[in-house]
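Structure at a glance
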Amino acid sequence: MEELSGRISKAGFRSAQIFREIIRTGSTRRAARELGITQSAVSQHLKLFEDAVGEKLFARDRRGLIPTTRAIDIYNRLDRYFETLGRIEKEITNSFRTKENRLTIAAPHILSFGLIPKIILAVDNLDPSLEFHFRAQRYDEIAQSVLTGEADIGISRLPLDERFFEWYIVAESKSVCVLHPDHYLSEKDIITADDIADEPLILLEREYTSNKLGNLTFGRGEFPARPKIYSDTIGLDASFMAYGMGVTVDNEFIAQQYQMFDLRIVPFQPAATYHYVVFWRRGSEKYSRHSAIVETFVEIIEREQSLRKEPAG
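We now turn to the structure provided with this report. Remember, it's a predicted structure, so these values are computed and weren't measured experimentally. (Residues numbered from 1 in each chain as written. Predicted model: local features only at pLDDT ≥ 70, side-chain atom pairs only at ≥ 80, totals over all residues. Heavy atoms only, no water.)

1. Quick notes on helix H4 (residues 39-53)
Short version of the rule: Strands are runs of DSSP state E lasting at least 2 residues, helices are runs of H or I lasting at least 4, and numbering of each runs from the N terminus. For a helix, the expected span equals 1.5 Å multiplied by the residue count minus one. Using a 1.4 Å probe on the protein chains alone, a residue whose accessible area is under 20% of its type maximum counts as buried, one over 50% counts as exposed, and one in between counts as partly exposed. Here the arc refers to the set of directions running from the helix axis out to each C-beta atom.
Taking 1.5 Å of rise per residue, 15 residues should cover 21 Å, and H4 covers 21 Å from first to last C-alpha, within 8% of that figure. Along H4, the residues that are buried comprise Val42, Leu46, Phe49, Glu50, Ala52 and Val53. The arc enclosing the buried residues of H4, seen along the axis, measures out at 155 degrees, which places them on a common side. Immediately downstream of H4, the backbone of Gly54 shows phi near 95 degrees, a positive value.

Dropping the structure here:
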């Protein structure tokens, strides 16, 4: 691995950048157009890069350049590096600019369908000069965005590290089972782990959630859970359930955002408890429990909770 990195560094940053663009665009011609250089220069840099790697990274057929498995592996690594470099460059540039009057919010994707627009509307009434940015992210990404200053304020769930963040709890949320209204379990008052032991499950990827449901064995150990579909996006598994493709165990706060889907939400046992929070970076000069923007977030979320919450079952 270190030997490969050394060879690539000799090929140069520019060659790696051009290789990445060839993968992204699918041809040397389109890569040249995107980068504003000649196709010949792209081909020369590709040869330098392949020499550094020690093997050909593309096959040619009538469709054009076809990346090898090795090329895709290298691209995935390079793409992460370039994304990180882009964020660093943006932060350096922004650190020397006059601060804009803007508010960047990080929150789960599903909140963008209802809750976030209502929050932005209320905050805009509070300060019409604000420019708003919304980052739809997973829980781990939300915390990272607030920590690095890429987002000013976040909506997430505990645990968070109190060394770095302050927060206000806006919802205590219990486990629920979410399923299609025509599902044979939809009329039960409570759904248990045994009930869904043989059901195809729709789950968040395990690294993105503390609920490792796919690792559990239900009942007396006779019926392992059967994950059917994994997603890396909080809440959008509802679209699969709307088509009757499985069931999921979620929590009330997220499930209450599914109003655009015709789904049944039923209390689940054994239940876990989650706490959702509005949070910001500790020591912030602009945000605290008593700042007007934080109070507006809390007011809107708590109001929506009271309006949406219906007896599940």
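2. Digging into the packing of aromatic side chains
To describe a pair of aromatic rings, one takes the distance between the centres and the angle between the planes. Counted only if it meets this: Ring pairs shown here join Phe, Tyr and Trp side chains whose ring centres sit within 6.5 Å, with only the six-membered ring taken for Trp; geometry is labelled stacked below 30 degrees between planes, edge-to-face above 60, and tilted in between.
With the rule as written, the count across this model stands at 6 aromatic pairs. Ring centres of Tyr139 and Tyr276 lie 6.4 Å apart, and the angle between their planes is 55 degrees; this geometry places the pair in the tilted category. Highlighted residues: Tyr139 in helix H7 (residues 139-148) and Tyr276 in strand S14 (residues 273-281), separated in sequence by 137 residues. Each member of the pair, Tyr139 as well as Tyr276, is classed as buried. Judged by centre distance (4.3 Å) and plane angle (25 degrees), the ring pair of Phe253 and Tyr276 falls under stacked.

3. Focus on unusual backbone geometry
Cis rather than trans, the peptide bond between Leu158 and Pro159 has omega equal to 15 degrees. Take Pro159: it is sitting in the loop between strand S5 (153-157) and strand S6 (165-179). Following Gln269, the chain continues to Pro270 via a peptide bond in cis, the omega torsion being 0 degrees. Mapping Pro270 onto the fold places it in the loop between strand S13 (264-269) and S14.

4. Thoughts on the pairing of strand S3 (residues 102-107)
Condition: Strand pairing is assigned whenever DSSP detects at least two bridges linking the two strands. The definition of a right-handed crossover adopted here requires that, viewed with the strands pointing away, the path from the first strand over the helix to the second runs clockwise.
Counting buried residues along S3, 5 of its 6 residues qualify, which places the element largely inside the surrounding structure. Both S3 and strand S4 (residues 131-136) contribute to a ladder of 6 bridges, which runs parallel. Residue Leu103 lies in a different strand from S4, and its bridge partner there is Phe132. The β-α-β motif built from S3, the intervening helix H6 (residues 115-126) and the parallel element S4 has right-handed crossover chirality. Of the strand pairs in this sheet, S3 and S5 are connected by 2 bridges, and their pairing is parallel. In the sheet register, Ile105 faces S5, and the bridge partner there is Ile153.

5. With respect to the packing of helix H2 (residues 13-25) against H4
The test is simple: Here the axes come from fitting lines to C-alpha atoms, over the contacting stretch only for helices, and the angles between their N-to-C directions go from 0 to 180 degrees. Should an angle fall under 35 degrees it is taken as roughly parallel, and over 145 as roughly antiparallel, whereas 65 to 115 is taken as roughly perpendicular and any remaining angle as oblique. Residue contacts are counted whenever heavy atoms from the two residues lie within 4.5 Å of one another. Each residue is assigned to one class: nonpolar for Ala, Val, Leu, Ile, Met, Phe, Trp, Tyr, Cys and Pro, charged for Asp, Glu, Lys and Arg, and polar for all the others, Gly among them.
At a minimum axis separation of 9 Å, H2 and H4 run at an interaxial angle of 110 degrees. Overall, the two elements H2 and H4 adopt an arrangement that is roughly perpendicular. Contact residues: Arg14, Ser15, Ala16, Ile18, Phe19 and Ile22 in H2; Val42, His45, Leu46, Leu48 and Phe49 in H4. Its residues placed into classes, the contact of H2 with H4 shows 8 nonpolar, 2 polar and 1 charged.

6. Observations concerning a nonpolar patch on the surface
Heads up, the condition is: Only residues whose relative accessible area exceeds 30% and that form no salt bridge enter a patch; like-charged residues are grouped when within 9 Å of one another, and nonpolar side chains (Val, Leu, Ile, Met, Phe, Trp, Tyr) when within 5 Å. In this description, accessible areas are obtained by the Shrake-Rupley approach with a 1.4 Å probe, and a residue is regarded as covered only by the protein chains that are shown. The rule for a salt bridge is simple: a side-chain nitrogen of Lys or Arg has to be within 4 Å of a carboxyl oxygen of Asp or Glu.
Where nonpolar side chains cluster on the molecular surface, the patch consists of Phe13, Leu85, Ile88 and Ile92 and spans about 380 Å² of accessible area. Residue contributions to the nonpolar patch peak at 3 residues, all from helix H5 (residues 69-95).

7. Some remarks on the packing of helix H3 (residues 28-35) against H4
Closest axis-to-axis distance for the H3/H4 pair is 8 Å, and the angle between their directions is 110 degrees. Of the possible angle classes, the one that applies to H3 and H4 is roughly perpendicular. Touching Thr28, Arg29, Ala31 and Ala32 of H3 are Gln39, Val42 and Ser43, all from H4. Looking at the contact of H3 with H4 residue by residue, the class counts come to 3 nonpolar, 3 polar and 1 charged.

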